[in-house]
Amino acid sequence: MAMAWVWTGMVVLSCVFGLTTGSMDAVGTAAIEGAAAAVELCLSMAGLLCLWSGVMEVMTRCGLADRLARLFHPLLRRIFPRACRDPETLSALSANVSANLLGLGNAATPLGIRAARRMARGAEGVATDELCRLVVLNTASIQLLPTTVAGLRSALGASAPFDILPAVWLSSLLSVTAGLTMAKLLSLIGRDRA
């Protein structure tokens, strides 16, 4: 709701300044060009999202998601020991991690929600330490292929949209490490107070 007020305020201020400076034609032209550019960008991103969401669906149907679950099981078992006891939760977690590795935050969201719902069973409305770690892992996900960012860069005319890979790898690795370390630290502090 707050963002609606922000956008409304920006439009009203633009119109007021356009009227007071006598450049209302430029304001109108900018609004039309901005709307056209937004639609073009949305269509190019929708195509990219459909492609990678389809790849994730094919991976699930052909059993590759289950193989990835077995591959990620040792790592996920360390991060989510209780959640990994349930095969369906483990499957959702590993599919979520796979989507995040491909830079598909939008495709990873429903998988993360499914895993979170399964992890929250029996928690009686209180976020468990593992559920908090899942949120941290999704927020600061490691990305091997930042496809969404590369798609945006490509749509906006970048000649080499994937030239950001080393920076993405380093920053995502550091953010996941810092996030999981803080989650563990806060978990230990919370246990001491209880």
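These figures come from a predicted structure and were not determined experimentally. (Residues numbered from 1 in each chain as written. Predicted model: local features only at pLDDT ≥ 70, side-chain atom pairs only at ≥ 80, totals over all residues. Heavy atoms only, no water.)

We now examine the packing of helix H5 (residues 105–119) against helix H6 (residues 129–139). At their nearest, the axes of H5 and H6 sit 10 Å apart, and the two run at 170° to each other. When the interaxial angle is binned, H5 and H6 end up roughly antiparallel. On the side of H5, the interface is formed by Gly112, Ala115, Ala116 and Met119, while H6 contributes Glu130, Leu131 and Leu134. (Axes fitted to C-alpha atoms, helices over the stretch in contact; angles between N-to-C directions. Helix = DSSP H or I, 4+ residues; strand = E, 2+ residues; numbered from the N terminus. Parallel < 35°, antiparallel > 145°, perpendicular 65-115°, else oblique. Contact = heavy atoms within 4.5 Å.)

Turning next to the nonpolar core. Among the nonpolar cores identified, the biggest contains 32 residues, and Met56, Leu76, Phe80, Leu93, Leu104, Met119 and Leu134 are the most heavily contacted of them. Counting only elements with at least two residues in this core, the list comes to helix H2 (24–61), helix H3 (64–79), helix H4 (87–101), H5, H6 and helix H8 (165–193). Tallying contributions element by element places H4 first for this core, with seven residues. Other than its neighbours up to four places away in sequence, Leu93 contacts Leu76, Phe80, Ala83, Ala115, Met119 and Leu134. (Core = buried A, V, L, I, M, F, W, Y, C linked by side-chain atoms within 4.5 Å. Buried < 20%, exposed > 50% of the residue type's maximum accessible area, 1.4 Å probe, protein only.)

This part is about the side chain of Thr89. Note on placement: Thr89 falls in helix H4. The exposure class of Thr89 is buried, given its relative accessible area of 2%. Within polar-contact distance, the side chain of Thr89 engages the side chain of Asp86 at 2.6 Å. In this structure the side chain of Thr89 is engaged in a polar contact, spanning 3.1 Å, whose partner is the side chain of Arg118. For Thr89, the contacting residues outside a window of four places in its chain are Ala83, Ala115, Arg118 and Met119. (Polar contact = N/O pair within 3.5 Å; in protein donor to acceptor, adjacent residues only side chain to side chain.)

These values are about where atoms sit, not about what they do.
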